[in-house]
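Working through the structure, step by step
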Amino acid sequence: MKPVIGVLLAGGQSRRMGGGDKNLNELAGRPILAHVIDRAKAQVDRLIINANGDPARFEPFGLPVVGDVVDGFQGPLAGVLTGLEWAAENAPAADWVATFATDAPFFPDNLVARLFAGIEDRGADMACAVSGGRTHPVFALWPVRLARDLHHSLTVEEIRKIDRWTARYTVAEVTFPVEPFDPFFNINRPGDLEAARHFATGI
C-alpha cells in the first residue's frame, strides 16, 4: 500500500454528551482517544488530530493538532478536507488519507487494508465502511487528488453532507461483521459510554 495519512476527526461539539471533548472520557482506565490512536496508528504512516479550539488539551497524545481549514464548524467533511490539504502540503508522497471517528474505539484493526482492497477490487475513487446495513462515511479512505474539488464544494457550493459530495464519485462500500458487537459502535450519549465499558471488558 502507498503511504497513508491518518486523520482523527475530533472537531465535533458533542452536544449530546453535554459539550466538550467526549473522546477524553475514560474507557478501561484511559481516554477514549488513546484507544482510537492505538488502533489507528498501526494502520497508517502518520497520524494527526483534526480539532478546533485550544490544541493544548490534546498535548498528552503527542500528535499534531490541525484545526479546520474552513471556518464555522462545517462538520466532518471539513475535517476530511483539512486532512487532504494537510497531506498535500506535509506528506507529498502520500496519495491517501484515512479518517477515523474519535468516539468509536472498537473499529477493526484491518480497516484501512480492507478499504484499500475495496477500492482496488471495484476501481473506485474512495471507500467507506459498512456494518449492519449502515454506512459509516467518517471511517473512510480518501484520495488526496480530490482536495481541490472538495474545497470548492465546501466553500462555493456550500455542501455539508458527506454523502451528497461522495455521490459524485465511485465509492466502494466495505462491509464488516457486527458480532460480537458492531465495531463502529460510537459513544454519543452517557449511556453509550456505559455500554462501551461493557464491550471493553470482552476484548
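Reference entry: report on the structure contained in this document. (Residues numbered from 1 in each chain as written. Predicted model: local features only at pLDDT ≥ 70, side-chain atom pairs only at ≥ 80, totals over all residues. Heavy atoms only, no water.)

**A closer look at the overall build of the protein**
Put simply, the rule reads: Only runs of H or I of at least four residues qualify as helices and only runs of E of at least two qualify as strands under DSSP, and these elements are numbered from the N terminus. For the radius of gyration, the atoms used are the C-alpha atoms, and the globule rule reads 2.2 Å times the number of residues raised to 0.38. Burial classification: accessible surface area is computed with a 1.4 Å probe over protein chains only, and a residue below 20% of its type maximum counts as buried, one above 50% as exposed, and the rest as partly exposed. Contact between two residues is taken to exist if any of their heavy atoms lie within 4.5 Å; hydrogens are not considered. Note on areas: Shrake-Rupley, 1.4 Å probe, and residue coverage restricted to the protein chains presented here. Under this rule, positive means Lys or Arg and negative means Asp or Glu; His and the chain ends count for nothing. By convention, charge coordinates are those of NZ in Lys, CZ in Arg, CG in Asp, or CD in Glu.
Across its full length, the protein holds six helices and nine strands. Relative to its length of 203 residues, the protein is compact, with a C-alpha radius of gyration of 16 Å against a globular reference of 17 Å. When its C-alpha atoms are laid out on the principal axes, the protein stretches across 40 × 40 × 30 Å. Taken across its 203 residues, the protein has 50% of its residues classed as buried. Counting only contacts in the protein whose residues sit at least 6 apart along the sequence, the fraction spanning at least 24 positions is 70%. A total of about 9,700 Å² of accessible surface is found on the protein, and carbon and sulfur atoms cover 49% of it. Considering the protein, the positive charge centre built from 20 side chains and the negative charge centre built from 25 side chains are found 3 Å apart.

**A word on helix H4 (residues 147–155)**
We count it as follows: It is the directions from the helix axis to the C-beta atoms whose arc is reported.
Every buried residue belonging to H4 is among Ala147, Leu150, Ser153 and Leu154, and all of these are buried. End-on, the buried residues of H4 take up no more than an arc of 125°, which puts them together on one face. Summarising the contacts, the buried residues of H4 are in contact with helix H2 (76–90), strand E8 (134–143) and helix H5 (162–166).

**Quick word on the environment of tryptophan 165**
Defined as follows: Pairs of N or O atoms are called polar contacts if they sit within 3.5 Å, as long as, within protein, a hydrogen donor faces a hydrogen acceptor (for residues adjacent in sequence, only side-chain-to-side-chain pairs).
Among the structural elements, tryptophan 165 can be located in helix H5. Classification of tryptophan 165 as buried rests on a relative accessible area of 1%. Expressed as a C-alpha distance, the spacing of tryptophan 165 and lysine 22, which sit 143 residues apart in the sequence, is 27 Å. Ignoring sequence-local partners within four residues, the contact set of tryptophan 165 consists of Leu77, Met126, Trp142, Leu146, Asp149, Leu150, Ser153 and Ile159. Within the structure, tryptophan 165 has its side chain in polar contact with the side chain of serine 153 (distance 3.3 Å).

**A word on the layout of surface pockets**
So the rule is basically this: Throughout, the protein atoms alone are placed on a 1 Å grid, and a set of points is a cavity if a 1.4 Å probe fits but cannot get out or a pocket if it is open with protein on both sides within 12 Å along at least five of seven lines; lining residues have an atom within 4 Å of a point. Grid points are joined across faces, edges and corners, and a volume is the space filled by probe spheres set on the points.
Quantified by volume, the second largest pocket comes out at close to 220 Å³. Taken together, 13 residues make up the lining of the second largest pocket; nearest its centre are Phe106, Pro108, Glu179, Phe181 and Pro183.

**Focus on the pairing of E8**
Convention followed: The pairing criterion is simple: DSSP has to find at least two bridges between the two strands.
Sheet topology places strand E6 (residues 96–101) next to E8; four bridges connect them, and they run antiparallel. Residue pairing in the sheet places alanine 98 in a bridge with leucine 141 of E8. Across five bridges, the pairing between strand E7 (residues 126–131) and E8 is antiparallel. In the sheet register, alanine 129 faces E8, and the bridge partner there is histidine 136.

**Some details on the side chain of serine 153**
Considering the arrangement of structural elements, one finds serine 153 in helix H4. Contacts of serine 153, omitting those with residues within four sequence positions, involve Glu158, Ile159, Trp165 and Arg168.

**Some details on the sheet that holds strand E9 (residues 171–176)**
What counts is decided by this rule: For helices, the fitted line uses only the C-alpha atoms of the stretch in contact; every axis is such a line through C-alpha atoms, and the angle between N-to-C directions lies from 0 to 180 degrees.
Across the sheet, which stays open at both edges, the seven strands sit in the order E5-E4-E1-E6-E8-E7-E9 with mixed pairing between neighbours. Because the sheet does not close on itself, it has two edges, and the strands there are strand E5 (65–66) and E9. Pairing of strand E4 (residues 46–50) with E5 involves two bridges; the strand directions are parallel. The residue of E5 that forms the bridge with isoleucine 49 is valine 65. Along the sheet face, H2 touches strand E1 (4–9), E4, E5, E6 and E8 and points at about 145° away from the line of E1.

**Description of the nonpolar core**
Note the following rule: The set of buried Ala, Val, Leu, Ile, Met, Phe, Trp, Tyr and Cys residues whose side-chain atoms join them within 4.5 Å is what this entry labels a nonpolar core.
Grouped together as the largest cluster of nonpolar side chains are 42 residues, with contacts concentrated most on Leu8, Phe100, Phe107, Leu111, Phe139 and Leu141. Counting residues per element, this core draws most heavily on helix H1 (residues 32–41), at six residues. Beyond its immediate sequence surroundings of up to four residues, leucine 141 is in contact with Val4, Trp96, Val97, Ala98, Val112, Leu115, Phe116, Ile119, Met126 and Ala127. Formed by 29 residues, the second largest nonpolar core is a distinct cluster that contains Ile48, Val66, Leu77 and Val144.

**Details of the packing of aromatic side chains**
Condition: For this analysis, a ring pair means two rings from Phe, Tyr or Trp (six-membered ring only for Trp) whose centres lie within 6.5 Å, classed as stacked if their planes differ by under 30 degrees, edge-to-face if by over 60, and tilted for the remaining angles. Consider the ring centre and the ring normal. A charge sits over the ring if Lys NZ or Arg CZ is within 6 Å of that centre and within 35 degrees of that normal.
Per the counting criterion, the structure on display carries eleven aromatic pairs. Residues phenylalanine 106 and phenylalanine 181 carry aromatic rings whose centres are separated by 5.2 Å and whose planes lie at 75° to one another, so their mutual orientation is edge-to-face. Here phenylalanine 181 lies in the loop between E9 and helix H6 (190–200) and phenylalanine 106 lies in the loop between E6 and helix H3 (111–122), a separation of 75 residues in the sequence. We classify phenylalanine 106 as buried; its relative accessible area is 6%. Residue classification places phenylalanine 181 among the buried positions, given a relative accessible area of 18%. Taken together, the ring pairs connect Phe100, Phe107, Phe139, Phe176 and Phe184 into an aromatic cluster. Taking the ring centre of phenylalanine 176 as reference, the NZ or CZ of arginine 114 above it sits at 4.4 Å.

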